[in-house]
Amino acid sequence: MMAAFEKHFDKLQFAILERKYDPKAGTNCACGAGRSLYRCQDCFTSISSCQQCLLRSHVDPPLHHIQRWTGTHFERTNLGDLGLMLFLGHSTSRCPNAPTNSNKRPTVIIHTNAIHKLHIEYCHCAHATDKPTQLSSAGLFPATTEKPETAFTFSVLKEFHTHTLSSKKSAYDYFIALQRLTNNVFPDRTYVSTLYVHSMRPYNPTFVWDLYREFLRVARVWKYLALTRF
Ligand SMILES: [Zn+2]
Ligand SMILES: [Zn+2]
Ligand SMILES: [Zn+2]
């Protein structure tokens, strides 16, 4: 089987390495208003653009891996740090009744491709539901029913549930894989240096294990609902 691929190894390796470089990085963005310093690793076409174009193209989907061109190479950054907001209750638009000084709640969002952080602005309309319900309506399962600061996408809970049914993968192994998807070079540093920064929680060196415990709890609730309610 390997022999069939062997004569293509050079071309395959070149294609893989070619994806790590973009000759347009650092040049003027197509919009003409900024430099092409950012690119998305999850969009099918990975064309570099300026920060504003990148944010405009990721209002939906908001949970993609983003890289920034440093001048010599691309390094990981994230949409939350670049200013992407997640608006709930009005598709991708800001609630017209949200006060101008409303606190955007920093929230850790755990998805199938990584652990993200984004600022969320909730709907403030008279008919608005409570925050956990607004998260659920957006496909985000709140880690707690009181002032949630962590949410799990329905996709990640469904995927983990499928793994446990088909491969008996443990929650610990799945969570460690998510940690590596977030930062494969320094997985232990991921949470403290990147995710913790915008968390409202007081500093806690066991932050990562708090997330893991939340994952265990929510995965159990999801499993119960999957077996009994849907
Ligand atoms: Zn993307
Ligand atoms: Zn642009
Ligand atoms: Zn509203």
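Calculation notes
Residues numbered from 1 in each chain as written. Chains lettered and ligands numbered in written order. Predicted model: local features only at pLDDT ≥ 70, side-chain atom pairs only at ≥ 80, totals over all residues. Heavy atoms only, no water. Phe/Tyr/Trp six-rings, centres within 6.5 Å; stacked < 30°, edge-to-face > 60°. Helix = DSSP H or I, 4+ residues; strand = E, 2+ residues; numbered from the N terminus. Buried < 20%, exposed > 50% of the residue type's maximum accessible area, 1.4 Å probe, protein only. Donors = N, O, S within 2.8 Å, 3.2 Å for Na, K, Ca; no water. Tetrahedral: all angles 85-135°; square planar, octahedral: opposite > 155°, others 65-115°.

Looking up the protein in an unreviewed UniProt entry gives the name CxC2-like cysteine cluster KDZ transposase-associated domain-containing protein, with the organism given as Piloderma croceum.

Tallied over the full model, the rule gives 12 aromatic pairs. Judged by centre distance (5.4 Å) and plane angle (45°), the ring pair of F154 and W222 falls under tilted. Of the two residues, F154 sits in helix α5 (residues 154-167) while W222 sits in helix α8 (residues 207-228), which places them 68 residues apart along the sequence. Aromatic pair F175 and Y212: ring centres 5.4 Å apart, planes at 55°, arrangement tilted. Of this pair, F175 sits in helix α6 (residues 171-182) while Y212 sits in helix α8; the two residues are 37 residues apart in sequence, bridging distant segments of the chain. The pair formed by F175 and Y212 is uniform in burial state, with each residue classed as buried.

Here we come to the coordination of the zinc ion (ligand 1). Looking at the metal site, the zinc ion (ligand 1) is ligated by C40 (SG), C43 (SG), H58 (NE2) and H64 (ND1), spaced 2.0 to 2.2 Å from it. Taken together, the 4 donor atoms coordinating the zinc ion (ligand 1) span angles of 103 to 115° at the metal, a pattern that classifies the geometry as tetrahedral. What makes H58 buried here is its relative accessible area of 2%.

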